[in-house]
Amino acid sequence: VQLQASGGGLVQAGGSLRLSCAASGRSGSRYVTGWFRQAPGKEREFVAGISRSGTTTKYADFVKGRFTVSRDNAKNTVYVQMSSLKPEDTAVYYCAVDTTYIEYVVRDAVSYDYWGQGTLVTVSS
């Protein structure tokens, strides 16, 4: 599975961005997809995840109510709509696929086998 994350950029606090994660190769739409982020000097952390069918989603507490993860399996693409962005959301955002599970979303990055290259989100105050 090859993953391409896109949609990052510079946005003011309170603004919105939509990140996309396009999968190619061994179909990424078969598996759970997660979004993670890593800020400078910090460890990578789970942001959100979605099952193959899209019926199961999980979010980190710090994004609940602000971020929405979704997928379009016909396009092999997973999205995360980010709203009410805060300066502390500034990070490189990565998408990843967990080929172990189909419907169970794991928060631990260790479970994810394939990773995209990351897209930078910068939120100015």
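You'll find the structure just up there.
Rules of the game
Residues numbered from 1 in each chain as written. Predicted model: local features only at pLDDT ≥ 70, side-chain atom pairs only at ≥ 80, totals over all residues. Heavy atoms only, no water. Helix = DSSP H or I, 4+ residues; strand = E, 2+ residues; numbered from the N terminus. Buried < 20%, exposed > 50% of the residue type's maximum accessible area, 1.4 Å probe, protein only. Phe/Tyr/Trp six-rings, centres within 6.5 Å; stacked < 30°, edge-to-face > 60°. Lys NZ or Arg CZ within 6 Å of the ring centre and 35° of its normal. Polar contact = N/O pair within 3.5 Å; in protein donor to acceptor, adjacent residues only side chain to side chain. Contact = heavy atoms within 4.5 Å.

Engineer: What exactly am I supposed to notice about unusual backbone geometry here?
Structural biologist: Most peptide bonds are trans, and most residues other than glycine sit at a negative phi. Non-glycine residue Asn76 carries a positive phi angle of around 50°. Structurally, the position occupied by Asn76 is in the loop between strand 7 (67-72) and strand 8 (77-82). With phi around 50°, Ser84 is a residue other than glycine that occupies positive phi space. Position of Ser84 relative to the elements: it lies in the loop between strand 8 and strand 9 (91-98). Note on Ser84: relative accessible area 42%, which makes it partly exposed.

Engineer: Could you clarify how one ought to interpret the packing of aromatic side chains in this entry?
Structural biologist: Aromatic ring pairs are described here by two measures, namely the spacing of the ring centres and the angle between the planes. Under the criterion given, the structure shown has six aromatic pairs. Between Phe36 and Tyr112, the ring centres sit 5.0 Å apart and the planes meet at 80°, which makes this aromatic pair edge-to-face. With Phe36 in strand 4 (residues 32-38) and Tyr112 in the loop between strand 9 and strand 10 (114-115), this pair connects stretches of sequence that are 76 residues apart. By the burial criterion, Phe36 is buried, and Tyr112 matches it. Between Phe36 and Trp115, the aromatic rings sit 5.0 Å apart at their centres with planes inclined by 50°, giving tilted as the arrangement. Taken together, the positions of Phe36 in strand 4 and Trp115 in strand 10 put the pair 79 residues apart, joining distant regions of the chain. Taken together, Phe36, Phe46, Tyr94, Tyr112 and Trp115 form an aromatic cluster joined through their ring pairs. Arg44 extends its terminal NZ or CZ atom over the ring of Tyr94, reaching a point 4.0 Å from the ring centre. Note that Arg44 overlies the ring of Trp115, its terminal NZ or CZ placed 4.6 Å from the centroid.

Engineer: Is there a simple way to think about the side chain of Thr119 in this case?
Structural biologist: Looking at where Thr119 falls in the secondary structure, it is placed in strand 11 (residues 119-124). Here the side chain of Thr119 touches Gly8 through a polar contact of 3.0 Å, landing on its backbone nitrogen. Ignoring anything within four residues of it in the chain, the contact list for Thr119 reads Ala5, Ser6, Gly7, Gly8, Leu19, Ala91, Val92 and Tyr93.

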